[in-house]
Amino acid sequence: PTWVTVVPVTEEGKIVMVRQYRHALGEVCIEIPGGCVDDTDKSLQDAVARELSEETGYSFSSFDYLGKVSANPSTNNNLMHMFLAKGGKKTSEQKLDHNEELQVELFSIEEVKDLLRGNKIVQSMHVSCILYAFEKMGEIAFR
């Protein structure tokens, strides 16, 4: 299926991230929110807003589309669409699926950069989204 993922920034400038157990690796991973686009989603932005609300309980005032990436175009035909969301505030409790268990954490931009430098975010497609978002925010520059 098509996926969406997002770097969500609160009104206070914190990045909303989640920790969750990933069975294939056998470890708890630090990630950004995201998930599959549902048939009921009218757009990719609707899908990412829904995922944010479900996984974190946060709502956001603006969304910037950052592009798309493929996990492995030699074996997979789906794409992950990346977003930057800004103006986030906690508006509800999480609405997790029966098989989801996510812990929401807030990080400063510098803390996320440290996580990247330390190779602590292992989901490669999430790393891609973070890098595109940080470039859009002026936090890093591609030269």
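Now for a description of the structure that goes with this document. Since this is a predicted model, take the numbers as computed values, not measurements. (Residues numbered from 1 in each chain as written. Predicted model: local features only at pLDDT ≥ 70, side-chain atom pairs only at ≥ 80, totals over all residues. Heavy atoms only, no water.)

To continue, consider the nonpolar core. Of all hydrophobic cores here, the largest spans 21 residues; its most connected members are V7, I15, M17, V112 and I130. Listed by contribution, the elements that provide at least two residues to this core are β1 (3–10), β2 (15–22), β6 (62–69), β7 (80–90), α2 (109–117) and α3 (124–136). Broken down by element, the residue count for this core peaks at five residues, all from α3. Among all residues touching I15, those that are not within four sequence positions of it are V7, P8, V9, E105, L106, F107, I109, V112 and F134. (Core = buried A, V, L, I, M, F, W, Y, C linked by side-chain atoms within 4.5 Å. Buried < 20%, exposed > 50% of the residue type's maximum accessible area, 1.4 Å probe, protein only. Helix = DSSP H or I, 4+ residues; strand = E, 2+ residues; numbered from the N terminus. Contact = heavy atoms within 4.5 Å.)

This part covers helix α1 (residues 44–56). An ideal rise of 1.5 Å per residue puts 18 Å on 13 residues; α1 measures up with 18 Å between its terminal C-alpha atoms. Within α1, the full set of buried residues consists of A47, V48, R50, E51, L52, S53, E54, E55 and T56. Backbone geometry just downstream of α1 places G57 in the positive-phi region, at approximately 80°. (Expected span 1.5 Å × (residues − 1).)

With that settled, the discussion passes to the pairing of β2. When β2 meets strand β8 (residues 103–107), the two strands line up antiparallel, connected through five bridges. The residue bridging I15 from the neighbouring strand is F107, located in β8. By the bridge criterion, five bridges tie β2 to strand β3 (residues 27–31) in an arrangement that is antiparallel. Bridge pairing in β3 links R19 to I30. What sits between the antiparallel neighbours β2 and β3 is a turn of four residues, in which G26 has the positive phi angle 70°. (Pairing = 2+ DSSP bridges.)

For the rest of this paragraph, the subject is the environment of F63. Along the polypeptide, F63 turns up in strand β6. C-alpha separation for the pair F63 and F83, spaced 20 residues apart in sequence, amounts to 6.5 Å.

With that out of the way, let us pick up the side chain of E51. Looking at the element boundaries, E51 is found in helix α1. Apart from residues lying up to four places away in sequence, E51 is in contact with V4, G34, G35, C36 and T56.

One non-glycine residue with positive phi stands out, namely N119, at about 55°. Structurally, the position occupied by N119 is in the loop between α2 and α3.

Right, let's talk about the environment of F107 for a bit. Locating F107 in the fold gives a position in strand β8. Using a relative accessible area of 9% as the deciding quantity, one classes F107 as buried. Spatially, the C-alpha atom of F107 lies 24 Å from that of H23, the residues being 84 residues apart in sequence. Setting aside its immediate chain neighbours within four residues, F107 contacts K14, I15, M17, R19, I30, V112 and L115.

That's the geometry; what it means functionally is another story.
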